[in-house]
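So you can see what is in the structure, the chains are spelled out below.
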Amino acid sequence: MKHLSVLAKLYYVLIHADTQTSEREMSIGRQMVRHEGFSESGFNKEVAALEGKSPDAIYKEIVTGLKRLDMPLQIRCIAWMCIIANADGFMDKKEWQLIYKLYHKDLGLPLDQIMKAQNELMKSLYSPLSK
């Protein structure tokens with residue numbers, strides 16, 4: 001559960017990065033919550049607590065939180081953000097800039113491992129056993 005708060009902040013910042021929050025992004029967010037074994041109400045409380053905070057302050061908390069996680073969990077968090085950002089059919093430029101800044105500039109994570117984690121999560125989300 002140590003990454004619940006980080007994922008909630010990432011989700012909040014990502015869905016507000018562009019001016020459009022799609023139902024598909026929100027649906028994938030709910031799937032992420034279930035897949036990670038979080039309580040939906042707990043996740044929603046974390047997200048609601050961010051209302052009114054400045055995006056810069058939230059971003060700083062995200063970076064701090066991600067740096068406290070081990071690398072595989074950092075990669076998993078970024079992979080989830082890629083999946084959510086692509087949920088509506090394309091990744092908005094602002095969403096990509098956010099993700100790129102996090103994984104490349106702030107954390108120095110390998111893109112190939114993020115892509116691998118993203119593919120594994122997608123397979124598990126859409127496999128017949130996950131339904």
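Right above here is the structure, for reference.
Residues numbered from 1 in each chain as written. Predicted model: local features only at pLDDT ≥ 70, side-chain atom pairs only at ≥ 80, totals over all residues. Heavy atoms only, no water.

Student: Give me the lowdown on the side chain of Gln74, citing residues and values where you can.
Tutor: Looking at the element boundaries, Gln74 is found in helix H5 (residues 71-85). We classify Gln74 as buried; its relative accessible area is 8%. Leaving out residues up to four positions away in the same chain, Gln74 has contacts with Leu66, Lys67, Leu69, Leu107 and Leu109. (Helix = DSSP H or I, 4+ residues; strand = E, 2+ residues; numbered from the N terminus. Buried < 20%, exposed > 50% of the residue type's maximum accessible area, 1.4 Å probe, protein only. Contact = heavy atoms within 4.5 Å.)

Student: Give me the lowdown on the packing of helix H1 (residues 4-15) against helix H3 (residues 40-48), citing residues and values where you can.
Tutor: Viewed as axis vectors pointing N to C, H1 and H3 meet at an angle of 55°, and their least axial separation amounts to 9 Å. Regarding the angle of H1 to H3, the classification is oblique. Crossing hand, H1 versus H3: right-handed. Where H1 abuts H3, its residues Leu4, Ser5, Leu7, Ala8, Tyr11 and Tyr12 lie against Phe43, Glu46 and Val47. By residue class, the composition of the contact of H1 with H3 is seven nonpolar, one polar and one charged. (Axes fitted to C-alpha atoms, helices over the stretch in contact; angles between N-to-C directions. Parallel < 35°, antiparallel > 145°, perpendicular 65-115°, else oblique. Left-handed = near helix turned anticlockwise from the far one by under 90°. Nonpolar A, V, L, I, M, F, W, Y, C, P; charged D, E, K, R; others polar.)

Student: I'd like to hear about the packing of aromatic side chains, residue by residue, with values.
Tutor: Evaluated as defined, the whole model comprises four aromatic pairs. Aromatic side chains Trp96 and Tyr103 sit 6.2 Å apart centroid to centroid with 55° between the ring planes, which places their arrangement in the tilted category. Tyr103 sits in the buried class, given a relative accessible area of 5%. Arranged with centres 5.6 Å apart and planes meeting at 90°, the rings of Tyr100 and Tyr103 form a pair that is edge-to-face. A residue pair is termed a helical-turn pair when its members lie 3 or 4 positions apart in one helix, as Tyr100 and Tyr103 do in helix H6 (residues 93-106) at three residues. (Phe/Tyr/Trp six-rings, centres within 6.5 Å; stacked < 30°, edge-to-face > 60°.)

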